[in-house]
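# Examining the three-dimensional arrangement
Residue-level listing of the chains:
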Amino acid sequence: MNKDPLEELFGPADETPEPVPARERLAYEQAERVRTAPLPADRGTAWVTPEPPQRDRAAQAKPWIIVGIVALIAIVASIVVVNIARGQGEAAPETPRPTATETPSTTKPTTEPSTPSTEKPATEKPDENTVPSVDVGPTTSFPIGPWNASSDWPQRLGAANFEIPDSSHLKLSGELFNSFPESCAAMRGEWGATKLPNGTFEVAKPASKCEAAPELYDEVWGLLDAWVKSIKVG
């Protein structure tokens, strides 16, 4: 026979009960309630699967949405291609262009005046007074005592002598001047310099070019022009 709970807790009635802490008393009462509570009928164990969060469902649905959009785009593209192919195949045949019939002209053709041909002007001869362009090259000092002047003599003219028969004319002689052919022998002593009244100088040369040696004539003329320009008085 079970003892009275109060008796187990507080001891026999004739004995002086010892005080029990309230915390132990509360724990004991709760244990008794659990022990004496009727057991529920066995209905089996049910496992409840927690519903996935809303965002997991959206993430799972995204691939299917993308597949659906791609399929829709493919369908629309195929429809457009089919329509284009049909349009090209059903192109309207070209309408034949009307052929123009030529009508004989009743007006007489007018004879257009021919444009007179313009003759090209003949090539102008170079100015005989234009000094030929030559390469002067190195020079050497060439004093002119009677004129109290100095000058730079082009070495390409070679060795030369001069004489001043009057105060205004200087005549040259030398190897290069003597190299003119016999047909131009008269001009060998016609080269030199002339002193003008204003104190400047100019080249003295033959009146006409040597037809037998035009290159030699231009060379001597160009070199003497450079020499005359270098003459300085004083």
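Just so it is clear, the model here is predicted, and its values are computed rather than measured. (Residues numbered from 1 in each chain as written. Predicted model: local features only at pLDDT ≥ 70, side-chain atom pairs only at ≥ 80, totals over all residues. Heavy atoms only, no water.)

### A word on the pairing of strand β4 (residues 160–163)
In this structure, β4 lies alongside strand β5 (residues 169–174), joined through four bridges in antiparallel fashion. Paired with Asn161 across the bridge in β5 is Ser173. Here β4 hands over to β5 after five residues, the two strands then running antiparallel side by side. (Pairing = 2+ DSSP bridges. Helix = DSSP H or I, 4+ residues; strand = E, 2+ residues; numbered from the N terminus.)

### Regarding the confidence of the model for the chain
Per-chain confidence: the chain averages 76 in pLDDT, with 62% of residues scoring 70 or above. The low-confidence segment residues 98–113, where pLDDT is below 50, has zero contacts with residues more than four positions distant or belonging to other chains. Low pLDDT, under 50, characterises residues 120–124; the predicted model gives this stretch zero contacts beyond four residues in sequence or across chains. (pLDDT = per-residue confidence, 0-100. Contact = heavy atoms within 4.5 Å.)

### Observations regarding the sheet that holds β4
Pairing is antiparallel in the open sheet, where four strands are placed in the order β4-β5-β6-β7. Every interior strand has two partners, whereas the edge strands, β4 and β7 (201–204), have only one. Put simply, the sheet's adjacent strands are angled 25° from each other on average, direction ignored. Packing against the sheet, helix α5 (residues 214–229) makes contact with β5, β6 (192–195) and β7, and its axis sits at approximately 160° to β7. (Axes fitted to C-alpha atoms, helices over the stretch in contact; angles between N-to-C directions.)

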